[in-house]
Amino acid sequence: MKIQELKEHRKNRFKWAFTTRNVDQGQVTTLLTGKLTPSAGDLVLARVDKLGQHRKLELTTSRRADMFEGDEIVVAFGNRYAPDQFEAIVPDQLEPCHLIAAGGVASRLLNRHDKMKRPTHITPLGLLGDQDGNPLNLRSFRLPPSGILQPEPLILVVAGTAMNAGKTTACANLVKGFARRGLRVAAAKITGTGAGADYRALVDAGADPVFDFLDAGYVSTYRIDRSALLDIVLTVVGQLTASGAEIIVLEVADGLLQRETSRLFLLPEFAGRLDGVIFAAGDALGAQAGVGWLSARQLPVIGVTGVLTSSPLAIREAEEATGLPVYQTGSLAHTAVSSLIYGCLRSRRRQRQGEAAREAKTMRRPQEITAVIAEGA
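Note that the structure is a prediction, hence the values are computed from the model and not measured.

Draft legend 1. Inspection of unusual backbone geometry at higher detail. The linkage connecting Asp208 with the following residue, Pro209, adopts the cis geometry, with an omega of 5 degrees. Within the secondary structure, Pro209 is located in the loop between helix H3 (196–205) and strand S15 (210–212). Of note, Ser62 is a non-glycine position whose phi angle comes to about 80 degrees, a positive value. Here Ser62 lies in the loop between strand S5 (56–58) and strand S6 (64–66). Classification of Ser62 as buried rests on a relative accessible area of 17%.

Below, the structure written as C-alpha cells:
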C-alpha cells in the first residue's frame, strides 16, 4: 500500500456525495493506493470516466450537481438492491467500477432493469485515509448507540410491496399530519441505499430530528447481517427516542420479500416496539399479500396506502381484500386523519402494554409457586 498526502487545494475541488454527509473532511488527509480490498462504507476518491444513468451527483447538501468526465468525486463503496434500477456489490479490489446511486455509491454492477441506461463508469483513484494512513470508513463518523429511554414515543412504520410503492410520500404526509396536530415528530429511513431525496422529504415535512442508516455508519443495508440490522435499530431508533419525540415515523425500503426487510421484521427488538404498520402497495392484490404477510407474523397492521390510492376502484378492492382502512396518500397530511391514526396507535400501545404486563405476571407464577411449596415444606 502506498500513502500519498492530499493537498488542500485538490480536496477543495472534490465533489463530496450525500453518502459522505457525516464525514469530517478535516480528517481526510491521505490517499491510499496499491493492492487494497475495499469494504462497504470505505471512502473512495474516484474519477468519472463515462457518464451513464446518473449524470448528476447528490452532494452533502442534497443538491444535485452536474458531473463531467474527469471530475474527482468522493463516494462510498457499497452494495445496492433496487429492483427498478440496479443490483451491485462491492468489488474485491480497486478497479474500474460503477456509480450505481446518485447519492454516491461505488459498486460493481450485477444486474439492471431494462429501463435503466448503463451506469456511470468510474475509476477509483484510492481510498481516503487519515494522517496515519488508516482507511476511513463511514463507521468512523457514526452516531453512538443509544439506550432505550422512557417514556417511549409511539412508533409507526411504513413498509411496502417494493420500491416506488409510495412509501416515502406516505411517510412525508404522515409527518406533516402529525406535526400539524402539534406533535413532536421524528423520522428515519431505516433501510435502503444512501440518498438525499428521501431524507430531505422527511426534513421538509417537519420531522426533527431525521436520521437514516448512514448515521449508523452504513452506506446501504443490502447484504448486511442480523447483527448489523440490530445495530441500526438500536442506534437510529435509540437516538430518535432520546430526542424527546412523541411519535416516530420509520420507512422500511424495498419490499417485504427483500432479504434484509424480512430479517428486520423478524428482530424482536424491532417488531416488539412497533405500535402500528401502514402498508403501501401499487394494487389491491399486493396490498392483500403484504397485509397477510405482516399479520401472519403478529405485526400490528393498521392501514393501507400507496400508489393504489390513485384509483377509487383499487381503493375499494383493497378495503374489501384486507378489511383495513385505505388512506389516500395526500389525506395522511390532514389533521383529521392523523388524529385517527394517532388514536389507533395509542390504543395499540395500551394493548401491547397490557399484554406485556400479563406476560410478566405469568412469568412470576413459577416463583410464587416455588415460594408456596417452600413454605409448606
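Draft legend 2. How the structure looks around the pairing of strand S17 (residues 276–280). In terms of burial, S17 is a largely internal element, five of the five residues being buried. With burial as the criterion, each face of S17 is covered, one bearing Gly276, Ile278 and Ala280 and the other bearing Val277 and Phe279. Inspection of the sheet shows strand S13 (residues 154–160) paired to S17 by five bridges, in the parallel sense. Within the sheet, the bridge partner assigned to Val157 lies in S17 and is Val277. In the sheet, S17 pairs with strand S18 (residues 301–305) via four bridges, with the strands oriented parallel. Bridge pairing links Phe279 to Val304 in S18. A crossover connection joins S17 to the parallel S18 through helix H7 (residues 284–296); in handedness this β-α-β unit is right-handed.

How each quantity is defined
Residues numbered from 1 in each chain as written. Predicted model: local features only at pLDDT ≥ 70, side-chain atom pairs only at ≥ 80, totals over all residues. Heavy atoms only, no water. Helix = DSSP H or I, 4+ residues; strand = E, 2+ residues; numbered from the N terminus. Buried < 20%, exposed > 50% of the residue type's maximum accessible area, 1.4 Å probe, protein only. Pairing = 2+ DSSP bridges. Right-handed = clockwise from strand over helix to strand, strands pointing away.

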